[in-house]
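The primary structure of each chain is shown beneath.
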Amino acid sequence: PSQAPAMPVPHQEAQPELPPSVFGDLLQDFERDLDTPQAQDDDPETHFNLGIAFREMGLLDEAIGELQKVCHLANGLSPERAQQAYIWLATCFVEKSVPEASLKWFLRALDTAPDEESRTAVNYELASAYEAAGRKREALDHFLEVYGSNIDYRDVASRIRELRTAV
C-alpha cells in the first residue's frame, strides 16, 4: 500500500508587531464602550424620548420599560417632565389592558399636577383607569372631582350617569 506523500507545511513568517495606530485605539475604545453601560443609562431625558418613540411604534413593553426608568430617575427631571412621564407610563399600562398597574402612576401624576387644568385631566384619566379596572366607586369619585372643576369636561356628565346606575 502506498502512502500519500507528506505535504510540506508552509513556513509562516512571524508577523511583525505593528505599532498602535489611532484607528486601532479608537476601535478598542469603541469595543470597550459596547461592553460597559452607557452614560445614558442615567439620563432620564433619553429614556423618556425612547419610551415615547416605542409607544408610537406600538411597542408597549419596551415603552413601559423605558418610562419606568424615567420614573425611577425622576429626581433628574423638572416637575413638569416627571408628571408627563407618570402620565405616559400610566397610559401605556391602560393601552396594554393592565389598568390596575396604571393607578399608581396616575396618582403620582395627580400629586405633581402643577395647576387645576392638569389636575382635572389627570383625574379624568385616573377615573377611566379605575373604571377599566372594575373599581366603579373610585371611578365615580374621580369623575365627580372632574365634574366639580369643569362641568363641560369631555363626556364626564354621561360617565357619571352611567356609573351611578352601576354603583
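In case you missed it, the structure is sitting above this.
Model, not experiment: these values are computed from the prediction.

This part takes up the packing of helix H7 (residues 136-149) against helix H8 (residues 156-166). It is the contact of H7 with H8, at a shortest axis distance of 9 Å, that shows an interaxial angle of 150°. Classed by the angle they form, the pair H7 and H8 counts as roughly antiparallel. In this structure, H7 meets H8 at a crossing whose hand is left-handed. Contacts between H7 and H8 involve Lys136, Ala139, Leu140, Phe143, Leu144, Val146 and Tyr147 from the former and Val156, Ala157, Arg159, Ile160, Leu163, Arg164 and Ala166 from the latter. Its residues placed into classes, the contact of H7 with H8 shows 11 nonpolar, no polar and three charged.

Here helix H5 (residues 99-111) spans 18 Å end to end across 13 residues, near enough to the 18 Å set by a 1.5 Å rise per residue. Residues of H5 that are buried: Pro99, Ser102, Leu103, Trp105, Phe106, Ala109 and Leu110. Structurally, H5 contributes buried residues whose contacts are with helix H3 (60-72), helix H4 (79-95), helix H6 (116-132) and H7.

Reading the values: the criteria
Residues numbered from 1 in each chain as written. Predicted model: local features only at pLDDT ≥ 70, side-chain atom pairs only at ≥ 80, totals over all residues. Heavy atoms only, no water. Axes fitted to C-alpha atoms, helices over the stretch in contact; angles between N-to-C directions. Helix = DSSP H or I, 4+ residues; strand = E, 2+ residues; numbered from the N terminus. Parallel < 35°, antiparallel > 145°, perpendicular 65-115°, else oblique. Left-handed = near helix turned anticlockwise from the far one by under 90°. Contact = heavy atoms within 4.5 Å. Nonpolar A, V, L, I, M, F, W, Y, C, P; charged D, E, K, R; others polar. Expected span 1.5 Å × (residues − 1). Buried < 20%, exposed > 50% of the residue type's maximum accessible area, 1.4 Å probe, protein only.

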